[in-house]
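Breakdown of the fold
Residue strings, one per chain:
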Amino acid sequence: MMRKLKYYTFWIMHFIKWTFIVLFGSSVFFVLLYRWVPVPCSPLMFIRLGQQIISGESPKLKHRWVPMEDISPDLPLAVWASEDQTFFSHNGFDFAQIKVALQEKSEGKRMRGASTISQQTAKNVFLWPSRTWLRKGLEAYFTILIETFWSKERIMEVYLNTIEMGDGIYGAEAVALEHFGVSAKRLTRSQCAMIAVSLPNPRKMNSASPTSYMRRRQSWVLQQMRWLGNYPPK
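Treat the numbers as computed from the prediction; the structure is a model and nothing was measured.

Digging into helix α10 (residues 212-228)
- The terminal C-alpha atoms of α10 lie 25 Å apart, and with 17 residues this matches the ideal 24 Å at 1.5 Å per residue to within 8%.
- M214, Q218, V221, L222, Q224, M225 and L228 are the residues of α10 that are buried. For α10, the angular spread of the buried residues around the axis is 165°, confining them to a single face. Relative to its buried face, α10 has exposed residues pointing more than 90 degrees away, namely S212, R216, R226 and W227.
- Buried residues along α10 sit in contact with α3 (74-83) and α9 (189-198).
- Two residues or fewer past α10, G229 is found with a positive phi of approximately 95°.

Written as structure tokens, this is what we have:
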């Protein structure tokens, strides 16, 4: 009996070890691959398609990868100003904002997002949307990987090409064509600021049909863009 137990224990541990090696190796492989290769799709794109089909809607997925030189320089500047002004100084995590968010939650306030652009990119490319500890742990793991192997400019490029920017719309080129009838390279400064405003909830905040709140927020983003100056910082 003890002999059988040792035998099964050995194979279970062997299986766990090789499962870990395969998962770790594949994660590093794809992070290194996407350092140079365009990201063709994301888990969220397939999840949204499934949700559309289940609800009886016509499937909609607008996505086209474009390099950073084909995106208006005002868009990364607007996103930097709106989403994560410490992007170029942190190592993937803004611990000051995390502390503030946890403090507000302890005071009974609504938990606000404290994710950096790096964390959002890790989630968009490799994971699924949820608030479980498993997902957050994996997000931290992939954030460390992309901060290690990618430049800040690459993280921003991937972010701008994979982030959800509307109902069935992903990335700068798709939202520029769908909402403004121009390529991402021809987006105006105001349009870029409005897109950035919509990012916290792009399916409810439509950059093509902004609310009064979005216009007020746009003015703030434009002010922050002037303060930051240029992207990338010199």
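Re the sheet that holds strand β2 (residues 164-166)
- Spatial strand order, β1-β3-β2: three strands in an open sheet with mixed pairing. This sheet does not close on itself; its edge strands, each paired only once, are β1 (62-63) and β2.
- The sheet contact formed by β1 and strand β3 (residues 169-170) spans two bridges and is parallel. Following the sheet pairing, K62 is matched in β3 by I169.

Some words on α3
- Counting buried positions along α3 gives nine out of ten residues, so the element sits mostly inside the fold.
- Taken as a whole, α3 has its buried residues at D74, L75, P76, L77, A78, V79, W80, A81 and S82.
- Along its buried surface, α3 packs onto α5 (117-126), α7 (152-162), α8 (172-180), α9 and α10.

Focus on unusual backbone geometry
- The amide bond that connects Y231 to the next residue, P232, takes the cis arrangement and shows omega of -10°.
- Note on placement: P232 falls in the segment after α10.

So, the pattern of salt bridges
- A full pass over the atoms with the stated rule returns eight salt bridges.
- Where D74 meets R189, a salt bridge forms, and the shortest distance between an N and an O atom there is 2.8 Å. Here the residue D74 occupies a position in helix α3, and R189 occupies one in helix α9, the gap between them amounting to 115 residues.
- Of the residues examined, D74 reaches a relative accessible area of 18% and is grouped as buried.
- Across the salt bridge formed by R135 and E139, the nearest N and O atoms sit 2.8 Å from each other. You can see R135 and its partner E139 sitting in helix α6 (residues 133-149), four residues apart, about one turn around the helix.

Details of a nonpolar patch on the surface
- Together, I47, W128 and L134 line one region of the surface with nonpolar side chains, adding up to about 270 Å² of accessible area.
- With respect to the helices and strands, W128 occurs in the loop between α5 and α6.
- The exposure class assigned to W128 is partly exposed, which follows from its relative accessible area of 32%.

Cut-offs applied
Residues numbered from 1 in each chain as written. Predicted model: local features only at pLDDT ≥ 70, side-chain atom pairs only at ≥ 80, totals over all residues. Heavy atoms only, no water. Helix = DSSP H or I, 4+ residues; strand = E, 2+ residues; numbered from the N terminus. Expected span 1.5 Å × (residues − 1). Buried < 20%, exposed > 50% of the residue type's maximum accessible area, 1.4 Å probe, protein only. Arc of directions from axis to C-beta. Contact = heavy atoms within 4.5 Å. Pairing = 2+ DSSP bridges. Salt bridge = Lys/Arg side-chain N within 4 Å of Asp/Glu carboxyl O. Patch = residues over 30% accessible without salt bridge, like charges linked within 9 Å, V, L, I, M, F, W, Y side chains within 5 Å. Areas by Shrake-Rupley, 256 points an atom, 1.4 Å probe, with all protein chains shown as cover.

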